[in-house]
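Observations on the model geometry
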Amino acid sequence: MVFEFGKPKHPEVSAQELDAMLRAGDVVVVDVREVDEFADGHIPGAINMPLSTFQPSKLPHVAGKKLVLNCLGGKRSGMALEKCGVAQAAVDTHLAGGFGAWKAARLPIER
């Protein structure tokens, strides 16, 4: 039996990969942080769907674009992805390190 400790449970993209995807118009970012956190700063163009009220059925359907979830550090977006898996929603990826990684990479922030 092989154990894969340290391997992410869900596919992840780095802040730099997500930035490139946004610039190419290939992705829609869904931020699962709470409204007040989102208002303090978020990835430009992100849609706020707080985990406390998150429903996979309410995710936007944007033809030809990948949905990527994010939160502050990756835990809540992982929890939202679990909900998506149960609901068989077509989203499976989140931002590695969350918004904290985005800020650390000094990428644009919208308020």
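Structure first, text after, so check above.
What this report covers is the structure whose coordinates are included nearby. (Residues numbered from 1 in each chain as written. Predicted model: local features only at pLDDT ≥ 70, side-chain atom pairs only at ≥ 80, totals over all residues. Heavy atoms only, no water.)

Quick notes on the overall build of the protein
Keep this limit in mind: Secondary structure is summarised from DSSP: a helix means a run of H or I of at least four residues, a strand means a run of E of at least two, and numbering begins at the N terminus for each. With the radius of gyration taken over C-alpha atoms, the globule rule is written as 2.2 Å times the number of residues to the power 0.38.
When you go through the protein residue by residue, the secondary structure sums to four helices and five strands. Going from the N terminus to the C terminus, the protein shows its helices and strands as β-α-β-α-β-β-α-β-α. The globule rule puts the C-alpha radius of gyration for 111 residues at 13 Å, and the 13 Å found for the protein is close to it. Dimensions of the protein, computed from C-alpha atoms along their principal axes, come out at roughly 45 × 30 × 30 Å.

Quick word on unusual backbone geometry
Note the cut-off: Each residue is placed in one exposure class: buried if its accessible area under a 1.4 Å probe, protein chains only, is under 20% of its type's maximum, exposed if it is over 50%, and partly exposed if it falls in between.
Of note in the backbone geometry, Gln88 takes a positive phi value of approximately 60° without being a glycine. Looking at the secondary structure, you find Gln88 in the loop between helix H3 (75-86) and strand S5 (93-95). With a phi close to 60°, Arg106 is a non-glycine residue in the positive phi region. Looking at the element boundaries, Arg106 is found in the segment after helix H4 (98-104). Residue classification places Arg106 among the exposed positions, given a relative accessible area of 76%.

Description of the sheet that holds S5
The strands making up a sheet are joined through hydrogen bonds of the backbone, oriented either antiparallel or parallel. Counted only if it meets this: Strand pairing requires that DSSP identify at least two bridges connecting the strands.
Taken together, the five strands give an open sheet; going across it, the order is S1-S5-S4-S2-S3, and neighbouring strands pair in parallel fashion. The strands lining the two open edges of the sheet, one partner per strand, are strand S1 (12-13) and strand S3 (47-48). Taken together, the two bridges between strand S2 (residues 27-31) and S3 define a ladder with parallel strand orientation. Following the sheet pairing, Val30 is matched in S3 by Ile47.

A few points about the pattern of salt bridges
So the rule is basically this: Any carboxyl oxygen of Asp or Glu within 4 Å of a side-chain nitrogen of Lys or Arg constitutes a salt bridge here.
All told, the structure shown has four salt bridges when counted by the stated rule. Glu37 is the salt-bridge partner of Arg76, the closest N and O atoms lying 2.8 Å from each other. Within this pair, whereas Arg76 is found in helix H3, its partner Glu37 is found in helix H2 (residues 35-40), the two being separated by 39 residues in sequence. Judged by relative accessible area, which is 22%, Arg76 ranks as partly exposed. When its relative accessible area of 21% is taken as the criterion, Glu37 is described as partly exposed.

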